[in-house]
Amino acid sequence: MKIIRWSFLVPTIVIIALLTLFNILFFDVVLKKSVISAGEMIFGAKVEIDSLTTSFTKVSLSIDGLRCADRNDYFKNLIDIDHITFDAKFTPILRKKFIIDEMTVSGLKWGTSRKISGKLSPKKEKKFNKKQKKDSMFAKLFESAKNKANEEFNKLPAVDAFSDVESQIKDFDAAKLIDKSNLQSVKEINKLSEDIQNKYKNYQTDFDNLKIEEKIQKTKNLIDQVSKTKVSSFDDITKAAKNIEELKNNKKEFDKILKELNNAKKDIANSVDISKQIQNAVNKDVDSVSSKLSVSKLNSKNISSMIAGRQWINRVETVIYYMSLIKKYMPEKDKEPVKERSKGRDVIFAQKAYPSLLISKINISGTAASEDKQGKAIAFSGSINNISSSPDMVSEPVTLNIVGNNGKQNLMIEGLFDHRGKTSEDLLKISMSGVSGESLNIPENDYMPLVNTADIKISSRFELVNDNFSCGADVSVKDIKEKNLKSVKGNIKYLAEITNTIKSFTLNAKAKSKEDGSLDFEIKSDIDKKISDAISQLFSSKISEAKAKVKEEINAILKEQTKQVEDNIKVQQDSLLKNINSQTDLINNIKKSIKY
Amino acid sequence: MFVLKMLKKIIVMFQSDISPDQIAWGFALGAILGLVPNLLMKIILFVVIMLFRVNLTSALIGCALFSVVGFAIDPLLDKIGYFILVNIKFLKPFYTWLYNLPVIPFSKFNNTVVMGGLITGIALIFPNGILAKKALVYYRANYRDKVAQWKLIKLLNTALNATKIIKKIG
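The rules behind these values
Residues numbered from 1 in each chain as written. Chains lettered and ligands numbered in written order. Predicted model: local features only at pLDDT ≥ 70, side-chain atom pairs only at ≥ 80, totals over all residues. Heavy atoms only, no water. Helix = DSSP H or I, 4+ residues; strand = E, 2+ residues; numbered from the N terminus. Buried < 20%, exposed > 50% of the residue type's maximum accessible area, 1.4 Å probe, protein only. Contact = heavy atoms within 4.5 Å. Areas by Shrake-Rupley, 256 points an atom, 1.4 Å probe, with all protein chains shown as cover. pLDDT = per-residue confidence, 0-100. Axes fitted to C-alpha atoms, helices over the stretch in contact; angles between N-to-C directions. Parallel < 35°, antiparallel > 145°, perpendicular 65-115°, else oblique. Left-handed = near helix turned anticlockwise from the far one by under 90°. Core = buried A, V, L, I, M, F, W, Y, C linked by side-chain atoms within 4.5 Å. Patch = residues over 30% accessible without salt bridge, like charges linked within 9 Å, V, L, I, M, F, W, Y side chains within 5 Å. Salt bridge = Lys/Arg side-chain N within 4 Å of Asp/Glu carboxyl O. Lys, Arg positive; Asp, Glu negative; His and termini not counted. Charge placed at Lys NZ, Arg CZ, Asp CG, Glu CD. Expected span 1.5 Å × (residues − 1). Arc of directions from axis to C-beta. Polar contact = N/O pair within 3.5 Å; in protein donor to acceptor, adjacent residues only side chain to side chain. Phe/Tyr/Trp six-rings, centres within 6.5 Å; stacked < 30°, edge-to-face > 60°.

Engineer: Even after reading the chapter, I still don't get the overall build of chain A, so can you show me in this structure?
Structural biologist: In terms of regular secondary structure, chain A is built from 14 helices and 13 strands. Among the 596 residues that make up chain A, the fraction classed as buried is 40%. For chain A, restricting intrachain contacts to residue pairs at least 6 apart in sequence, the fraction spanning at least 24 positions comes to 69%. In the form shown here, chain A has an accessible surface area of approximately 34400 Å², with 53% of it arising from carbon and sulfur atoms.

Here it is, written out as structure tokens:
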């Protein structure tokens, strides 16, 4: 009996040979399509490759002209790489493990322009959107960042506040603004008048209670009695001595009354200067009325937000997106050593463990698209180390170090992506100095400083610890050029003049994820204070003029009322003083009569 | 149509003079195929079956039958596999070596049910082969002629012939 089934063996060998031949001839084409397709599903935009060649003998791959479009701007490339080459280890590939010791990426650029749109076809776009997990924490952060941008920055700029102030000062009528019945000073006059009248009444009552005339009459009688006394007995002497003692006491009492009358006289004479006493109330009235034309203060957040808010949110959005990609393709936790399955158990034997993908080192070199004023791009170089699909199997975290400069500009990028163990920590630091303001794409307008002409230094830090995202950036803007204000017309010119005086400012931006999955943004800058100070200076003289008008008007109102009150008080005062004087004279006369 | 063809092939296998050895070894190898749950292992075993001149119909019968048996005795296969993989200490270096070879780990030989199924299947090759051969020889000697007279068999033959004629006319 023939053992081997040749009718199966021969066709099988032929088919395998044909498949191998097909792979040798067309493998590169198939792989190129696969890489493009996978890239498009990761980045959500078109990916193009000029050529892709593989070598089975060397197990190497070489890619020329890799361009990945930017999902946020389809006419720009997110990355544009001239050449990528690497050798992989053969045996791990047979175990579906892709191990690369060293990879070279040269001619890396970003933000380069595209001639054709990088938008995916509707079919691929639909597939990409389906792939995105809408309910993930990062999707929430994305939504939050976008909503915040619309909420904060689609408002009109704060120029309206200047228009308000200008029209208020121009059409200002103090008389219309003053409500007499609500003036504090008028109320104060009435109160003072009432107080003085009460005081006079009290004095009058006190004088009546003193019964001065009665006492004078009594003293007169006593004097008569003493003068007519004839001493004939010892009793007469005793009686005369007693009367003289009483006269002495009366004299003392009259001295006391005179003192009281003098004090009262001084007090009454001094208490009628109402206009002096109501001065504080008048000042308060002036302030109160003037406040109706107060400068609507610019929301200090608005200015820095107008300058950098949208750019900051866009950058945060981009970083969140790429950090989410890192998190997605570098899971925190690797497989358990023994895994229970529905059918049986996997027994794990000691082996040289390889992750599915390991790239020990990628050497990167290229040019940054951000060009300085002379058009010289920043040449940079650096490396990414320990990229792995199973970080737990690699002893080191992923690190990124890129340094570049073109003589004037410096660029430094440092990254640490540690997904070993059950937690993950991603840290990205980007520092740039000598950057042209143009690279920030801050829109130019009449009321903002010409940031596009400035020299900028940026230091930013992005951190993702598990699902908690936080980031911050310190921006120093200096050497801002003055702009030509001839064409600026209307109320906006006030703000334009102010911002034109600003030559430098600093800006600090922060963003942090909250527990509900939304993003909390904060932007601080000393430009707010600089502009506020300049505004105060500009309007302070005009506001002072208006205040003077208010004061004049209030004084005119008070003058008549004060005169009426003062006249009224004067009459009462004169009457009271006359009374005091007559009483004083009577007392003095009677005192003279007392010769003891 | 496929069912009819399969039925015919089975009947032919039993009723014709095809070598009982081919049928018996086909059945024995098919049994291993049925007991092993891993796809790669199944492909390797299928290629082995295809390489040797064994009866494919009997291999398919063996595979189908022992798939059901394997499903029922999964816990037992798990225990056998665990014993072989873990308790036989001197084989550990061999498994470790296998585990570090390219491609081989894809066969999931380190899974207890896969290993249990494979070993059980290999252990049952000779008993299965011998028993299948004896059973077939006994059947052909005692029942083949009687079964050939069954109306069902005649009907099946008629149906298949009619289908062929219809196909030719069509």
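Engineer: What's the story with the confidence of the model for chain B in this structure? I'm lost.
Structural biologist: Any residue range with low pLDDT should be treated as having predicted coordinates unsuitable for detailed reading. With 99% of its residues at a pLDDT of 70 or more, chain B shows a mean pLDDT of 87. Here the predicted complex scores 0.52 on pTM and 0.71 on ipTM.

Engineer: Please explain the packing of helix H2 (residues 20-35) of chain B against helix H8 (residues 125-142) of chain B as it appears in this structure.
Structural biologist: For any two helices packed against each other, the geometry comes down to the angle between their axes and how far apart the axes lie. All names here are of chain B. Contact pair H2 / H8: the axes reach a minimum separation of 8 Å and the direction vectors enclose 140 degrees. When the axis of H2 is compared with that of H8, the two are oblique. In the packing of H2 onto H8, the handedness of the crossing is right-handed. Of the residues in H8, those touching H2 at Pro20, Asp21, Ile23, Ala24, Trp25, Phe27, Ala28, Leu29, Ala31 and Ile32 are Ile125, Phe126, Asn128, Gly129, Ala132, Lys133, Leu136, Val137 and Arg140.

Engineer: Mind showing me how you'd approach the nonpolar core here?
Structural biologist: Grouped burial of nonpolar side chains is what soluble globular proteins tend to show. Residues and elements named next belong to chain A. Ranked by internal contacts, the top residues of the largest apolar core, which has 65 residues, are Trp312, Val316 and Phe469. When residues in this core are grouped by element, the largest group, six residues, is from helix H12 (residues 300-329). Ile212, Ile278, Val286 and Leu558 belong to the second largest nonpolar core, which has 38 residues in total.

Engineer: How should a positive patch on the surface be read in this particular structure?
Structural biologist: Residues and elements named next belong to chain B. A surface patch of like charges, here positive, comprises Lys5, Lys9, Lys164, Lys167 and Lys168. Elements with a contribution of two residues or more to the positive patch: helix H1 (2-15) and helix H10 (151-169). Tallying contributions element by element places H10 first for the positive patch, with three residues. As for its position among the elements, lysine 167 is in helix H10. Among the residues examined, lysine 167 registers a relative accessible area of 60% and is labelled exposed.

Engineer: Can you help me understand the pattern of salt bridges in this one?
Structural biologist: Pairing between side chains of opposite charge can happen when their charged atoms approach one another. Residue and element names in this part refer to chain A. As enumerated under the stated definition, the model contains 19 salt bridges over all chains in all. A salt bridge links aspartate 50 to arginine 67; the nearest nitrogen and oxygen atoms lie 2.9 Å apart. Of this pair, aspartate 50 sits in strand S1 (residues 47-55) while arginine 67 is found in strand S2 (residues 60-70), placing the two residues 17 residues apart along the sequence. The exposure class of aspartate 50 is partly exposed, given its relative accessible area of 48%.

Engineer: Can you help me understand helix H5 (residues 74-87) of chain B in this one?
Structural biologist: Think of an α-helix as 3.6 residues a turn; residues three or four steps apart then line up on the same face. Residues and elements named next belong to chain B. Taking 1.5 Å as the rise per residue, H5 with 14 residues should run 20 Å; its terminal C-alpha atoms sit 19 Å apart, in good agreement. By the burial criterion, the buried members of H5 are Asp74, Leu77, Asp78, Gly81, Ile84 and Leu85. The buried residues of H5 occupy one face: seen down the axis, they fall within an arc of 135 degrees. In H5, the exposed positions angled more than 90 degrees off the buried face are occupied by Pro75 and Lys79.

Engineer: How do you make sense of the interface of chain B and chain A when you look at a structure like this?
Structural biologist: By a frequent convention, interface size equals the accessible area lost on bringing the separate parts together. Taken together, the contact between chain B and chain A spans 31 residues of the former and 22 residues of the latter. One can count two salt bridges joining chain B with chain A. For the pair chain B and chain A, the interface holds 12 residue pairs in polar contact (both at pLDDT 80 or more). Listing elements by their share of the side of chain B that touches chain A, those giving two or more residues are helix H3 (39-51), helix H4 (56-72), H5, helix H6 (92-99) and helix H7 (112-123) of chain B. Of all the elements, H5(B) adds the most residues to the side of chain B that touches chain A, at five residues.

Engineer: Sorry, what's going on with a nonpolar patch on the surface here?
Structural biologist: A cluster of nonpolar side chains, namely A:Trp6, A:Val10, A:Val14, A:Leu18, A:Leu21, A:Phe22, A:Leu25, A:Phe26, A:Val29 and A:Val30, defines an oily patch on the protein surface of about 970 Å² accessible area. Residue classification places A:Phe22 among the partly exposed positions, given a relative accessible area of 43%.

Engineer: What is the right way to read the packing of aromatic side chains from this model?
Structural biologist: The relative placement of two aromatic rings is captured by the distance of their centres and the angle of their planes. Residues and elements named next belong to chain B. All chains considered together, the criterion is met by 13 aromatic pairs over all chains. Here the aromatic rings of phenylalanine 27 and phenylalanine 66 are separated by 6.1 Å at their centres, their planes lie at 70 degrees, and the arrangement is edge-to-face. Taken together, the positions of phenylalanine 27 in helix H2 and phenylalanine 66 in helix H4 put the pair 39 residues apart, joining distant regions of the chain. Taking the relative accessible area as the measure of exposure, phenylalanine 66 reaches 10% and is therefore buried. One aromatic cluster is present, formed by Phe94, Tyr95, Trp97, Tyr99 and Phe109 through successive ring pairs.

Engineer: Can you walk me through unusual backbone geometry in this structure?
Structural biologist: Negative phi characterises most residues that are not glycine, and trans characterises most peptide bonds. The backbone of A:Asp479 shows a phi angle near 60 degrees, a positive value even though the residue is not glycine. Position of A:Asp479 relative to the elements: it lies in the loop between strand S11 (468-478) and helix H13 (492-500). Of the residues examined, A:Asp479 reaches a relative accessible area of 48% and is grouped as partly exposed. Residue B:Lys108 is not a glycine yet carries a positive backbone phi of 55 degrees.

Engineer: Which parts of the structure should I look at to understand the side chain of A:Ser389?
Structural biologist: Inspection of the secondary structure puts A:Ser389 in the loop between strand S6 (377-388) and strand S7 (398-405). Looking at A:Ser389, its side chain comes within polar contact range of the main-chain nitrogen of A:Ser356, at 3.2 Å.

Engineer: I would appreciate a short explanation of the environment of A:Lys187 in the present structure.
Structural biologist: All names here are of chain A. By the element assignment, lysine 187 lies in helix H7 (residues 184-210). For the pair lysine 187 and isoleucine 278, spaced 91 residues apart in the sequence, the C-alpha separation amounts to 9.6 Å. Ignoring anything within four residues of it in the chain, the contact list for lysine 187 reads Ser181 and Asn182.

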